[in-house]
Amino acid sequence: MALRLVDHPLAQHLLTILRDQTTDTLQFRHASRTLATVLMLEATRDLPLAPQPISTPLTTTDGTRLARGITVVPVLRAGLGLLQASLDLFPDVTVGYLGLERNEETAAASSYYRKLPKLANRVTFCVDPMLATGGSACQALHVLKEAGAVDLHYVCVLAAPEGVALLQAEHPDVDIYTAAVDSHLNDKKYIVPGLGDYGDRLFGTL
Ligand code: PRP
Ligand code: URA
């Protein structure tokens, strides 16, 4: 499976707004939601379709519809910034929640919440804006597979090379969609140049 760089000009424009330290909370939330729309449209480009014959006001014709249901699983809390776009875009989306938090000293992720819908026979998108060490993403994907997810995709805003490498090693079957892969992690395991702490900027808890 692949690393898919979402290089749509709007994605790059919005990412720059997110990176800018002068962007306030309201602007950050708006950019996050709009960027999530672009990312999800790219991530769902290969969704299977099924034929659906319909009648237009003029005649009958061969239409198509989405063949499988979609589930989106935001990783709390920053993943919530990528959720609304999917609720707006997809007709019968179901939503699961995974709560994971990195320890500030060790950067190891620990789980504090889990509420998942049925995942079998659906296409599942795990959404979390920051792929840093990859620890949170690997844990989230492991939980989703255990819960029955098979057609599984990972969507983020920014990735570090370290996180991409870990995810590709542990979950080679999962596509990664991101607006950029940055240079490296700093000694506190933050992405550089990055955008800082996504959850804090999204929820105004800086
Ligand atoms: C952030 C981010 C990821 C994780 C990435 O969450 O949303 O879940 O860090 O880091 P990793 O790749 O090194 O695991 P954080 O733990 O800061 O929690 P929050 O979403 O509640 O702010
Ligand atoms: N989580 C964030 O919010 N930012 C980073 O740079 C790394 C993890």
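To be clear, the structure that these remarks concern was listed above.
The rules we used
- Residues numbered from 1 in each chain as written.
- Chains lettered and ligands numbered in written order.
- Predicted model: local features only at pLDDT ≥ 70, side-chain atom pairs only at ≥ 80, totals over all residues.
- Heavy atoms only, no water.
- Near = heavy atom within 4 Å.
- Polar contact = N/O pair within 3.5 Å; in protein donor to acceptor, adjacent residues only side chain to side chain.
- Areas by Shrake-Rupley, 256 points an atom, 1.4 Å probe, with all protein chains shown as cover.
- Helix = DSSP H or I, 4+ residues; strand = E, 2+ residues; numbered from the N terminus.
- Nonpolar A, V, L, I, M, F, W, Y, C, P; charged D, E, K, R; others polar.
- Pairing = 2+ DSSP bridges.
- Contact = heavy atoms within 4.5 Å.

Chemist: Lay out the site of ligand 1 in plain terms, naming residues and giving numbers.
Modeler: The local shell around ligand 1 holds 15 residues, among which R102, D128, T133, G134 and S136 are the closest. Backbone polar atom of R77 to an oxygen atom of ligand 1: 3.0 Å apart, as the coordinates give it. Out of a free accessible area of 500 Å², ligand 1 has 92% covered by protein chains. For the shell around ligand 1, the elements supplying multiple residues, two or more each, are β6 (97-102), β9 (130-131) and α4 (135-146). Residue composition of the shell around ligand 1, grouped by class: 5 nonpolar, 5 polar and 5 charged.

Chemist: I'd like a description of the site of ligand 2, backed by residues and values.
Modeler: The immediate surroundings of ligand 2 are formed by R102, M130, A132, K189, Y190, I191, G196, D197 and Y198. The separation between a nitrogen atom of ligand 2 and a polar main-chain atom of G196 is 2.8 Å. Here an oxygen atom of ligand 2 and a backbone polar atom of Y198 are 2.9 Å apart. For ligand 2, whose accessible area on its own is 240 Å², the fraction buried by protein is 90%.

Chemist: Which residues make up the sheet that holds strand β11 (residues 158-159), and what values do they have?
Modeler: Two modes of strand pairing occur in sheets, parallel and antiparallel, and in both the strands are linked by backbone hydrogen bonds. A sheet is described by the order of its strands in space; here 3 strands give the open sequence β9-β11-β13, paired in parallel fashion. Each end of this open sheet is capped by a strand with a single partner; those strands are β9 and β13 (180-181). As paired strands, β9 and β11 are joined by 2 bridges and run parallel to one another. For L131, the partnering residue across the bridge sits in β11 and is A159.

Chemist: How would you explain the environment of E101 if you had to name every residue and give the values?
Modeler: Of note, E101 is situated in strand β6. Between the C-alpha atoms of E101 and Y113, which are 12 residues apart in sequence, the distance is 10.0 Å. Look past the residues within four positions of E101 in its chain and what remains in contact with it is A108, A109, S110 and Y112.

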